[in-house]
Amino acid sequence: MFSLGSWLPAFPGLAWGWALLDAFLQGLVGACAVSVLCSLLKVYLYIQCLNNPERQAEKEAIRAQRAVLEPLHVLVLTGVLALVGSRVAALVVLEFSLRAVSTILSLGKGSHSSQLYLLCQYSLGCGVSCGLSFLLEGAPHRSWSLLLAAGLAGLLALQCQRLARHVCALYELHSRARYCGLCILLLSDGHRIPALLRRALAVAFAVADLAAVELINRDFLSAAEAVRFWTPLTICYALLVVYMQEEARQSADGGLVFRTVLVRMGGLFILLLTVGRWSDILHVLVSLLGELWCLLRARVLLECCRRQ
């Protein structure tokens, strides 16, 4: 099954080692996807703030973000996504998909869409990891495929980071002088970045949702077991969505985002105490750290979206 280890003798624990490598590569691809999302949103929000004289403080806050911390963010998120099991990652993906659909139906298009993109960071990483785990299951060259995917994702993430640094440093000058092709392209088509992200995320989560359902259902031996798991899960998620929608109407402060993370993960923790496994409990705690890490890294962009 693991092509990289097929050339080596069958030492004890060798298959476990290749499985760990595959998990790391899946996590790396997911972390790179999150990095691409944040970089493009940073470009879009910076241009929006630059074009609005009343938002110059927000523009300077975005520019002041340290780009040297981005590799650390990717590395930590890679480790978190590698540690989280496929079962909990699938539950995180399904929970966000339900929440996103509810938000879109209740709020429609508008300034809240940018904030929704930022809130999906960790869920996107879990979704990419779940999708790769499902699509490459049983593949004869699984490890090589993941290595190639990680290389391509890393190259794309690096290019998007370079774009964000270029925009924050030189876009203001280049957009006036009009001699930089990249900045001229952003000047004319930069407003289309949210639409591009919307389509890409729709495809990513559509694949991730199908993979998540399949990964969860494979653990059940009968339909009765599946019903005993999905029924409380559906009720729990529905109540969480209703609670968060009501909380969003009554509160507009920046701490709401972090409170909802604690409520969501707390609800999932209690649910898995009754219908899950002990390993799932540990993975929920790791997921909580991953969610908080992503939100803390994007707190400046979240504040820009909140004030928009």
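Just so it is clear, the model here is predicted, and its values are computed rather than measured.

Student: If you had to explain the overall build of the protein chain to someone new, which residues and values would you point to?
Tutor: Along the protein chain, the regular secondary structure elements total 13 helices and zero strands. Counting the 308 residues in the protein chain, one finds 48% classified as buried. When contacts within the protein chain are restricted to residue pairs at least 6 apart in sequence, long-range pairs at least 24 apart make up 78% of them. Counting only carbon and sulfur atoms, one obtains 69% of the accessible surface of the protein chain, whose full area is about 15,500 Å².

Student: Please set out the packing of aromatic side chains residue by residue, giving values where relevant.
Tutor: As enumerated under the stated definition, the model contains one aromatic pair in all. Relative to Phe205, the ring of Phe96 has its centre 5.2 Å away and its plane inclined at 35 degrees; by these criteria the two rings are tilted. With Phe96 in helix α4 (residues 86-107) and Phe205 in helix α9 (residues 193-217), the pair connects residues that are 109 residues apart, well separated along the chain.

Student: I'd like to hear about the environment of Leu156, residue by residue, with values.
Tutor: Along the polypeptide, Leu156 turns up in helix α7 (residues 142-177). On a C-alpha basis, the gap between Leu156 and Ser35 in space is 9.3 Å, while along the polypeptide they are 121 residues apart.

Student: Describe the UniProt feature "transmembrane region" (unreviewed entry) in the protein chain, with residues and values.
Tutor: According to UniProt, the feature "transmembrane region" (unreviewed entry) maps to residues 68-94, 114-136, 227-244 and 256-275 in the numbering used here. A distance of 33 Å separates the end C-alpha atoms of residues 68-94, which is 85% helix and 0% strand. Along residues 114-136, the helical share is 91% and the strand share 0%, with 32 Å between the first and last C-alpha atoms.

Student: I'd like a rundown of the environment of His73, residues and numbers included.
Tutor: Mapping His73 onto the fold places it in helix α3 (residues 70-83). Spatially, the C-alpha atom of His73 lies 8.1 Å from that of Cys294, the residues being 221 residues apart in sequence. In this view, His73 contacts Val34, Trp293, Cys294 and Arg297; residues no more than four positions away in its chain are not counted.

Student: Can you explain the side chain of Glu95? Please cite residues and give values.
Tutor: Here Glu95 is to be found in helix α4. Judged by its relative accessible area of 7%, Glu95 falls in the buried class. A polar side-chain atom of Glu95 sits 3.1 Å from a polar atom in the side chain of Arg264.

Student: Can you tell me about the packing of α7 against helix α8 (residues 181-189), naming the residues and giving the values?
Tutor: For the pair α7 and α8, the least separation of the axes is 9 Å and the interaxial angle reads 85 degrees. It follows that α7 is roughly perpendicular to α8 by the angle criterion. The residues of α8 that touch α7, namely those facing Leu163, His166, Val167, Tyr171, His174 and Ser175, are Leu182, Cys183, Leu186 and Leu187. Here the contact of α7 with α8 is built from residues that sort into seven nonpolar, three polar and no charged.

Student: If you had to explain helix α6 (residues 121-135) to someone new, which residues and values would you point to?
Tutor: Over its 15 residues, α6 extends 21 Å from the first C-alpha to the last, a length consistent with the 21 Å expected when each residue adds 1.5 Å. In terms of burial, α6 is a largely internal element, 13 of the 15 residues being buried.

Student: Run through helix α2 (residues 56-63), naming residues and quoting values.
Tutor: Burial in α2 covers these residues: Glu58, Lys59 and Ile62. Buried residues of α2, viewed axially, fall in a sector of 105 degrees; they line one side.

Student: Now, about the state of the cysteines: what can you tell me, with residues and values included?
Tutor: Taken as a whole, this structure holds zero disulfides when the rule is applied. Cys49 carries a free sulfur, and the closest cysteine sulfur to it, the one in Cys304, is 4.5 Å from it.

Student: Break down the environment of Val43 for me, citing the residues and quoting the values.
Tutor: Turning to its location among the elements, Val43 is positioned in helix α1 (residues 14-50). Assessed through its relative accessible area of 1%, Val43 is described here as buried. For Val43 and Cys160, which are 117 residues apart along the polypeptide, the C-alpha to C-alpha distance reads 9.3 Å. When sequence neighbours within four positions are dropped, the list of residues in contact with Val43 reads Leu163, Ala164, Val167, Leu186 and Ile193.

Analysis parameters
- Residues numbered from 1 in each chain as written.
- Predicted model: local features only at pLDDT ≥ 70, side-chain atom pairs only at ≥ 80, totals over all residues.
- Heavy atoms only, no water.
- Helix = DSSP H or I, 4+ residues; strand = E, 2+ residues; numbered from the N terminus.
- Buried < 20%, exposed > 50% of the residue type's maximum accessible area, 1.4 Å probe, protein only.
- Contact = heavy atoms within 4.5 Å.
- Areas by Shrake-Rupley, 256 points an atom, 1.4 Å probe, with all protein chains shown as cover.
- Phe/Tyr/Trp six-rings, centres within 6.5 Å; stacked < 30°, edge-to-face > 60°.
- UniProt positions renumbered as here; feature names shortened; annotations may be inferred.
- Polar contact = N/O pair within 3.5 Å; in protein donor to acceptor, adjacent residues only side chain to side chain.
- Axes fitted to C-alpha atoms, helices over the stretch in contact; angles between N-to-C directions.
- Parallel < 35°, antiparallel > 145°, perpendicular 65-115°, else oblique.
- Nonpolar A, V, L, I, M, F, W, Y, C, P; charged D, E, K, R; others polar.
- Expected span 1.5 Å × (residues − 1).
- Arc of directions from axis to C-beta.
- Disulfide = S-S within 2.5 Å.

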